[in-house]
Amino acid sequence: MKSFLRVLVRPILCCLMLGVTLPALYGCFGVALVGTATGVKAITDRRSLGTQADDTAIELKAGNYLSQEIKDSSHINITSYNRRVLLTGEVPNESVKTQVGNEIARIENVLAVWNELAVAGNSTLASRTNDSYITSKVKARFIDDNEVSAHHVKVVTENGAVFLLGIVNSSEAAAATRVARTTVGVSKVVNMLTVESDEEIRRIEASLANSADTK
């Protein structure tokens, strides 16, 4: 049964991933807001529903905190997870990189900013398409590997580098890192996972289950 479910879910996941990423690839703006998935993922995500809502709001507000000049000259991806913001992409100089980080840090509910912006020319459409493909491959391999849920780890890829965000236990963190590192096309893996004890993970999941039951 598990093998059947993996065969069934994998193509669906790949399609969903492409559906999320392709609009950003073909949009007109220099800033791509990487949104939080909804539906089933909202139920299985280890963040509280309030935190998920805050992350979505942070990503939506982020574009308004950047000047049009920065948007026109840069390619910036903004990903909020657990109220911590990851910035990836390219900016023209160090001054802009610092400015963007400072602007995003001022958004309500942002606890921290990981500024991974590169000072470089904007990536090409081909490079961004390849990054989306790598992300979908890593997520699909999570399903095949069956040691970490694709719902518990968010994957962001920039210029072949894979960033991992999520709330996991130590064995899930190791599995996610191993899968990402051994995926064809990945140049490096940046582990930004929040690692909790097994007991804390059980407490989180029990709390989320109780919240769902009361709705």
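Residues numbered from 1 in each chain as written. Predicted model: local features only at pLDDT ≥ 70, side-chain atom pairs only at ≥ 80, totals over all residues. Heavy atoms only, no water.

Undergrad: For this particular structure, what's the right way to read the nonpolar core?
TA: Buried together is how nonpolar side chains tend to be arranged in soluble globular proteins. Of all hydrophobic cores here, the largest spans 18 residues; its most connected members are Phe142, Val153 and Leu164. Only α6 (125-145), β6 (153-158), β7 (161-168) and α7 (170-181) provide two or more residues apiece to this core. Among the nonpolar cores identified, the runner-up in size contains 15 residues, and Leu66, Ile70, Ile78 and Val110 belong to it. (Core = buried A, V, L, I, M, F, W, Y, C linked by side-chain atoms within 4.5 Å. Buried < 20%, exposed > 50% of the residue type's maximum accessible area, 1.4 Å probe, protein only. Helix = DSSP H or I, 4+ residues; strand = E, 2+ residues; numbered from the N terminus.)

Undergrad: Before we go on, may I ask you to explain the packing of α6 against α7 in this structure?
TA: The relative placement of two packed helices comes down to the angle between their axes together with the axis-to-axis distance. Closest axis-to-axis distance for the α6/α7 pair is 10 Å, and the angle between their directions is 125 degrees. Considered as vectors, α6 and α7 are oriented oblique to each other. Where α6 crosses over α7, the two elements pack in a sense that is right-handed. Along its contact with α6, which presents Val138, Arg141, Phe142 and Asp145, the element α7 presents Ala175, Ala176, Arg178, Val179 and Ala180. (Axes fitted to C-alpha atoms, helices over the stretch in contact; angles between N-to-C directions. Parallel < 35°, antiparallel > 145°, perpendicular 65-115°, else oblique. Left-handed = near helix turned anticlockwise from the far one by under 90°. Contact = heavy atoms within 4.5 Å.)

Undergrad: I keep staring at the pairing of strand β2 (residues 75-81) and nothing clicks. Help me out?
TA: Consecutive side chains along a regular strand alternate between the two faces of the sheet. Burial analysis of β2 places seven of its seven residues in the buried class, which makes it a mostly covered element. Of the two faces of β2, the one lined by His75, Asn77, Thr79 and Tyr81 and the one lined by Ile76, Ile78 and Ser80 are each fully buried. Hairpin connection from β2 to strand β3 (residues 84-91): two residues lie between these consecutive antiparallel strands, with asparagine 82 at a positive phi of about 60 degrees. (Pairing = 2+ DSSP bridges.)

Undergrad: Any chance you could explain the environment of glutamate 103 here in plain terms?
TA: Turning to its location among the elements, glutamate 103 is positioned in helix α5 (residues 94-105). For glutamate 103, a relative accessible area of 18% translates into the label buried. It is 6.1 Å that separates the C-alpha atoms of glutamate 103 and tyrosine 65, two residues lying 38 residues apart in sequence. The residues contacting glutamate 103, other than those within four sequence positions of it, are Tyr65 and Leu66.

Undergrad: Help me understand the pairing of β3, please; the structure alone is not making it clear to me.
TA: Burial runs high along β3: seven of the eight residues are buried. When β2 meets β3, the two strands line up antiparallel, connected through seven bridges. Within the sheet, the bridge partner assigned to isoleucine 76 lies in β3 and is glycine 89. One ladder, built from four bridges, connects β3 with strand β4 (residues 112-115); its direction is parallel. Along β4, the bridge assignment pairs leucine 87 with asparagine 115. Note that the unit made of β3, α5 and β4 has a crossover that is right-handed. Bridge count between β3 and strand β5 (residues 118-119): two bridges; the pairing is parallel. By the bridge assignment for β5, glutamate 90 is matched with alanine 118. (Right-handed = clockwise from strand over helix to strand, strands pointing away.)

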